[in-house]
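# Observations on the model geometry
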Amino acid sequence: EQWKKIEPLLPAYKPSPKGGRTPRDNREVFEGIAWGSDTVLRDTRARLRELGWSWRELETLWDVDRPEDYRRLIESKLLDEHPATR
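Since we're looking at a predicted model, the values are computed, not measured. (Residues numbered from 1 in each chain as written. Predicted model: local features only at pLDDT ≥ 70, side-chain atom pairs only at ≥ 80, totals over all residues. Heavy atoms only, no water.)

### Points about the overall build of the chain
Counted only if it meets this: Counting from the N terminus, the helices are the DSSP runs of H or I reaching at least four residues and the strands are the DSSP runs of E reaching at least two. What makes two residues a contact is simply this: any of their non-hydrogen atoms within 4.5 Å. Only the protein chains shown count as covering a residue, and every accessible area follows the Shrake-Rupley method with a 1.4 Å probe.
When helices and strands are tallied, the chain shows 5 helices and 0 strands. When the helices and strands of the chain are listed from N to C terminus, the series reads α-α-α-α-α. Counting only contacts in the chain whose residues sit at least 6 apart along the sequence, the fraction spanning at least 24 positions is 19%. Element-wise, carbon and sulfur atoms account for 54% of the exposed surface of the chain, whose accessible area totals about 7,900 Å².

See below:
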């Protein structure tokens, strides 16, 4: 199942000593999103709003989801600079 691959990459729920919100399953955000579509960001924002979750967005960068993107990544030399690829 794909969830087994994604779940370890997400922040773990850390209960507050004061109590607070009941933990919620991160799957609520991801299920039903058309990943790879041109509406994924809009759909994810809408889902987060529906759930009442807060979030912050980082600087927009290009992604690697097509062969030409991978070629661009290799040509950029970014992999050579990243310690995880050594």
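### Thoughts on helix H3 (residues 40–51)
Heads up, the rule is: Multiply 1.5 Å by the residue count of a helix minus one, and that product is the helix's expected span. When accessible area is computed with a 1.4 Å probe and restricted to protein chains, residues below 20% of their type maximum are described as buried, those above 50% as exposed, and intermediate ones as partly exposed. The arc refers to the directions leading from the helix axis to the C-beta atoms.
Between its terminal C-alpha atoms H3 stretches 16 Å, which fits the 16 Å expected from 12 residues at 1.5 Å a residue. When we look at burial in H3, the residues that qualify are Val40, Thr44, Arg47, Leu48 and Leu51. In a view along the axis of H3, the buried residues occupy a sector of 100°, so they form one face of it. With respect to the buried face of H3, the exposed residues turned more than 90 degrees away are Arg42, Arg49 and Glu50. At its buried positions, H3 is contacted by helix H2 (27–30). Positioned one or two residues after H3, Gly52 has a phi angle of 75°, which is positive.

### Topic: the packing of aromatic side chains
What counts is decided by this rule: When the centres of two rings from Phe, Tyr and Trp lie within 6.5 Å, Trp using its six-membered ring, the rings pair. Their planes under 30 degrees apart give stacked, over 60 give edge-to-face, and anything left gives tilted.
Under the criterion given, the structure shown has 1 aromatic pair. Taking the centre distance of 5.8 Å and the plane angle of 35° together, the rings of Phe30 and Trp35 count as tilted. Owing to a relative accessible area of 25%, Phe30 belongs among the partly exposed residues under this scheme.

### Thoughts on the side chain of Thr44
Mapped onto the elements of the fold, Thr44 is located in helix H3. In this structure Thr44 comes out as buried when scored by relative accessible area, which is 15%. Residues within four places of Thr44 in sequence aside, it is in contact with Val29, Ile33 and Trp35.

### Some thoughts on the pattern of salt bridges
Convention followed: Within this document, salt bridges are pairs made up of a side-chain nitrogen of Lys or Arg and a carboxyl oxygen of Asp or Glu, the two lying within 4 Å of each other.
In total, this model carries 6 salt bridges according to the counting rule given. Residue Asp65 pairs with Arg66 through a salt bridge whose shortest N-O separation is 3.9 Å. Assessed through its relative accessible area of 46%, Arg66 is described here as partly exposed. Between Glu68 and Arg66 there is a salt bridge, and its shortest N-O distance comes to 3.5 Å. Look at the salt bridges and you will find they share partners, linking Asp65, Arg66, Glu68 and Asp69 into a network.

Remember, this is a structural readout, not a statement about activity or role.
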